[in-house]
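What follows is the residue order along each chain.
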Amino acid sequence: MFVYFYRAEKKYYQSLSANDFRRYNSQGVIESLIISTHIRFVLGIESGKSSARLGCDWIDFLYEAVNDAICGYNWNTYNWALSILSFYCHQEERFNKLLTKYEEYLSQASDENRQTGIDFYNE
């Protein structure tokens, strides 16, 4: 369901003009989805249940949100999604490919957020 909700919200976001205030609502929805995935995973750990029981939809959503952010969607909290993936999926090849793409993104970034992204990456 996370991927479905994410894609629906992304489609809605795309339909709005760049200066439409409703884009901020989309940012809030994406943020809520990211936080929900983290909470869900932590609850699984706290209860001693495997995260595999949750399925992979939520993790697919995180990968897609980060990838989209790197490709131009300015999701405010994509770095949270990247942090969650770093913590839980750091040994996966899929994560290493995403991290390489993030490194390339940072090397080409020229805006004021570049240093924040580099600091985040180093942490």
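Preceding block: the structure.
Keep in mind that this is a model prediction, so the values were computed, not measured.

Conventions and cut-offs
Residues numbered from 1 in each chain as written. Predicted model: local features only at pLDDT ≥ 70, side-chain atom pairs only at ≥ 80, totals over all residues. Heavy atoms only, no water. Salt bridge = Lys/Arg side-chain N within 4 Å of Asp/Glu carboxyl O. Helix = DSSP H or I, 4+ residues; strand = E, 2+ residues; numbered from the N terminus. Buried < 20%, exposed > 50% of the residue type's maximum accessible area, 1.4 Å probe, protein only.

Caption draft 1: Here's a closer look at the pattern of salt bridges. Applying the stated criterion to the full structure yields 5 salt bridges. Of the charged contacts, one joins Lys10 and Asp68 as a salt bridge, the two residues approaching to 2.8 Å between their closest N and O atoms. One end of the pair, Lys10, is in helix α1 (residues 2-15); the other, Asp68, is in helix α3 (residues 57-70), and 58 residues separate them in sequence. Accessibility classification places Lys10 together with Asp68 in one group, the buried group. Across the pair Arg94 and Asp60 runs a salt bridge, and its minimum N-O distance is 2.9 Å. In this pair, Arg94 is assigned in helix α5 (residues 93-108) and Asp60 in helix α3, connecting sequence segments 34 residues apart.

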